[in-house]
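Read off the chains here:
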Amino acid sequence: MKSWRIWALGLLSIPVAALLVAGGCTRKIAVAPSSVALGTPTDTGTSTNTGTSTYTKTSTPTPSPTWTATVAGPTSTFTFTGTSTFTGTPTNTYTDTNTPTITATATNTVPGPTNTFTNTNTFTNTPTNTATPDPNLIDNLEDGDAQIMANGGRSGYWFTSGDTGCSANISPQSASFAPSAAPGNGSNFATRFSGTGCNVTGALVGFNFLDNGGAAAKLPYNLNANGYTGVVFDIKQNAGQVSSVWFAVSSINTEPTASGGSCSVSCNGHYGMTVPLTTSWQSVTIWFSWMNQPSWAPPVAFDPTQTFGMQWESKDTTGKAFDFSVDNIKFITGAAPPTPTPDCKPIDNMEDGDNQINTVCGRGGYWYTFIDKDTNAWGQSTAYSGNGNVPMAAGVTFVMSSPGNAGSNYCADITGKVGPICGNPYNTCPFVGMGFDFISAGSGPKVNYDIQTPGFIGCKFYIKAASTATGCRFKLPTYETSPTSVGGSCTGASGQCSDDWGINFTGLTPAWTQKTVALDQVVNGGDLSQEGWGMATPFDRTKVYSAQWQFNNSQPGQNYDLAIDDMVFY
Ligand SMILES: [Ca+2]
Ligand SMILES: [Ca+2]
Ligand SMILES: [Ca+2]
Ligand SMILES: [Ca+2]
């Protein structure tokens, strides 16, 4: 019964992107000056008429006279020939759809009734482009090289980077970066980045604002000097399973000292935002004031006066294929709208493929397994994540499994076996499970999460069990039920802590099923109760530590395969 001896595995809040290395960022190659048409051309040129003129006309009443057009350039002469049977003074009207406006005049040499002419000339205009470069445009890739456009004083180069699992598989490689000739968004070129096999931190594509000539230290670029307050870009998922990226702006306080920043610990936690990908081009607007750091990163200020570049990161670390394109990156100016009010209800659908719940509304804890562990006979449970391929042990990062609920890519899934017997010294029985903390505590005491203030009254999630253990207990450790060793207040005798508030599920099947749990005590109309073997506490809705799914001595010796997906508050 007693879960007093918990050895949490994978609890380390692995900074998923902490080790992303922005490499190869200053490769300098000889390039021709940009000659791409910038901005909206202003047509101030001379029109050269190289088309064939045809004229149609209507006349009232019929029968029609016959008209023959003599075509010239912008000045055309019309000659009427034929026999008019009409009498009276004709009024001829010409409609000219050319640009620039043709100055043709026509002479109706035969009097008649009201005639209407429509000029359907086709002209080929050769406008003179007098547009000036748009200083806000960062790059449209149309010159086909690896350097961003020379607007706004910028000069940097594109680069790519991948972790040790995928560095050889990413395309393009940083040293040979080239825009993809596959059509960009209404254009000839875009940045296309693809790869597979990332297993540590992921992979990224990005650029520096300034060319530093290959030196280690990047050069700072001042966004405020031009009044830049945000950026828009076009982005599209071409293929692969990774369906979101982390967009980030590197700046001095998150950039490592080795590359010109001031960060010395847990660096590269750049300010950014998650961008969900779609399979058709979408325009994404990001105001810099909307951006946040990843929750694992030491909080520092975003300094817009000392930024280095922008990057798009695939955060998947389970080897999934990613393939996305970026085009038409452009700064925007002006006052940012208020930060959108985030939807605090979704907890995690795992679709970003990492081991962290959604970093929203103060949450951002990490998935883990926990397991009995002792030299006693009962300490023999096992746990695997990542489609059963990752044996969980202390410090091993929890890996999501595929596929997930409702055709999605990922879910949280653990497989293994519950230890066989209960035993001394406290009649402790085997247990194993998975869960997450609502707030990452790092290596410190667990952090209270308040579900009362946001008004959450329950949670929902999808669950399935595909092995012989068809039941589990869903529970929410709180400050009051947790032992002092992890930051809680439970000081009961040995073995009396961790009798957490929860609910038992039985009859789970291999089919995904949604469960709804009212997060309050049964006596208050909720679904939660303690098991009764431990210290009695109230269910404190302001001090919730975690959500966990656990097998215990009700399934000794059972094989289990338990999956969770699409968890939300309501
Ligand atoms: Ca383009
Ligand atoms: Ca270029
Ligand atoms: Ca996540
Ligand atoms: Ca999912």
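Residues numbered from 1 in each chain as written. Chains lettered and ligands numbered in written order. Predicted model: local features only at pLDDT ≥ 70, side-chain atom pairs only at ≥ 80, totals over all residues.

Visitor: Looking at this structure, I do not really get the overall build of the protein chain. What am I missing?
Guide: Helix and strand counts for the protein chain come out as zero helices and 31 strands. Counting all 570 residues of the protein chain, 44% fall into the buried class. (Helix = DSSP H or I, 4+ residues; strand = E, 2+ residues; numbered from the N terminus. Buried ≥ 20, exposed ≤ 12 C-beta atoms within 10 Å, placed from the backbone.)

Visitor: Can you help me understand the sheet that holds strand β16 (residues 271-276) in this one?
Guide: Whether parallel or antiparallel, the strands of a sheet pair through hydrogen bonds between backbone atoms. Spatially, the five strands line up as an open sheet ordered β11-β13-β18-β15-β16, and their pairing is antiparallel. Strands with a single pairing partner mark the edges of an open sheet, and in this sheet they are β11 (158-162) and β16. Taken pair by pair, the neighbouring strands of this sheet meet at an average axis angle of 20°, ignoring direction. Relative to strand β18 (residues 307-314), strand β15 (residues 244-251) is paired through six bridges, and the arrangement is antiparallel. Within β18, the residue paired with Val249 across the bridge is Met310. (Pairing = 2+ DSSP bridges. Axes fitted to C-alpha atoms, helices over the stretch in contact; angles between N-to-C directions.)

Visitor: Any chance you could explain the pairing of strand β30 (residues 546-551) here in plain terms?
Guide: Each regular strand displays side chains that alternate between the two surfaces of the sheet. Of all six residues making up β30, six are buried, and the element is well covered by its neighbours. Along β30, one buried face is formed by Ser546, Gln548 and Gln550 and the opposite face, lined by Ala547, Trp549 and Phe551, is buried too. Sheet analysis places strand β27 (residues 472-476) next to β30, joined by three bridges and oriented antiparallel. Directly across from Arg473, in β30, lies its bridge partner Gln550.

Visitor: In this structure, what is going on with the nonpolar core? I would like to understand it.
Guide: The nonpolar side chains of soluble globular proteins are, as a tendency, buried together. Core analysis: the largest hydrophobic core is formed by 52 residues, its most contacted members being Trp367, Tyr368, Cys411, Ala412, Phe551, Leu562 and Ile564. Only β21 (367-371), β24 (412-417), β25 (432-437), β26 (458-465), β27, β30 and β31 (559-569) provide two or more residues apiece to this core. Not counting residues within four places of it along the chain, the set of residues in contact with Phe551 comprises Val418, Phe431, Val432, Gly433, Ala469, Cys472 and Tyr560. Listed in part, the 46 residues of the second largest apolar core include Leu141, Tyr157, Phe209 and Val245. (Core = buried A, V, L, I, M, F, W, Y, C linked by C-beta atoms within 7 Å. Contact = placed C-beta atoms within 7 Å.)

Visitor: Help me understand unusual backbone geometry, please; the structure alone is not making it clear to me.
Guide: Only a minority of non-glycine residues have a phi that is not negative, and only a minority of peptide bonds are not trans. Here the residue pair Ser171 and Pro172 is connected by a cis peptide bond, since its omega of 0° sits within 30 degrees of zero. Following Ser402, the chain continues into Pro403 via a peptide bond in cis, with omega recorded as -10°. Mapped onto the elements, Pro403 comes out in the loop between β23 (390-391) and β24. Of note, the phi angle at Met350 is positive, near 65°, even though the residue is not glycine. A positive phi is found at Asn387, a non-glycine position, where the angle reads about 55°. In this structure, Asn387 sits in the loop between β22 (382-385) and β23. Owing to 14 C-beta atoms within 10 Å, Asn387 belongs among the partly exposed residues under this scheme.

Visitor: Just checking my understanding: could you explain the environment of Ser485 for this structure?
Guide: Looking at where Ser485 falls in the secondary structure, it is placed in the loop between β27 and β28 (501-505). Overall, Ser485 belongs to the exposed group, with 11 C-beta atoms counted inside 10 Å. Sequence separation of Ser485 and Pro445 is 40 residues, and the distance between their C-alpha atoms is 7.9 Å.

Visitor: Would you take a moment to explain the confidence of the model for the protein chain for this structure?
Guide: Close reading of the predicted structure is inappropriate where its pLDDT is low. Chain-level pLDDT for the protein chain is 79 on average; 74% of the residues reach the 70-or-more range. Counting contacts from residues 1-130, a segment whose pLDDT is below 50, to residues more than four positions away or on other chains yields 257 contacts. (pLDDT = per-residue confidence, 0-100.)

Visitor: I tried to follow the environment of Cys166 on my own but got confused; where do I start?
Guide: With respect to the secondary-structure elements, Cys166 resides in the loop between β11 and β12 (191-195). Classification of Cys166 as buried rests on a count of 24 C-beta atoms within 10 Å. When the C-alpha positions of Cys166 and Gly319 are compared, they lie 7.9 Å apart, and in sequence the two are 153 residues distant. Cys166 has contacts with Gly195, Thr196, Gly197, Cys198 and Ala203, leaving out every residue within four places of it along the chain.

Visitor: Just to check I follow, could you spell out the environment of Asn405 for this structure?
Guide: Within the secondary structure layout, Asn405 lies in the loop between β23 and β24. By C-beta crowding, Asn405 is classed as buried, having 20 other C-beta atoms within 10 Å. Distance from Asn405 to Asp565, taken between C-alpha atoms, is 6.1 Å for residues 160 residues apart in sequence. If sequence neighbours within four positions are ignored, Asn405 has contacts with Cys411, Tyr462, Trp512, Asp565 and Asp566.

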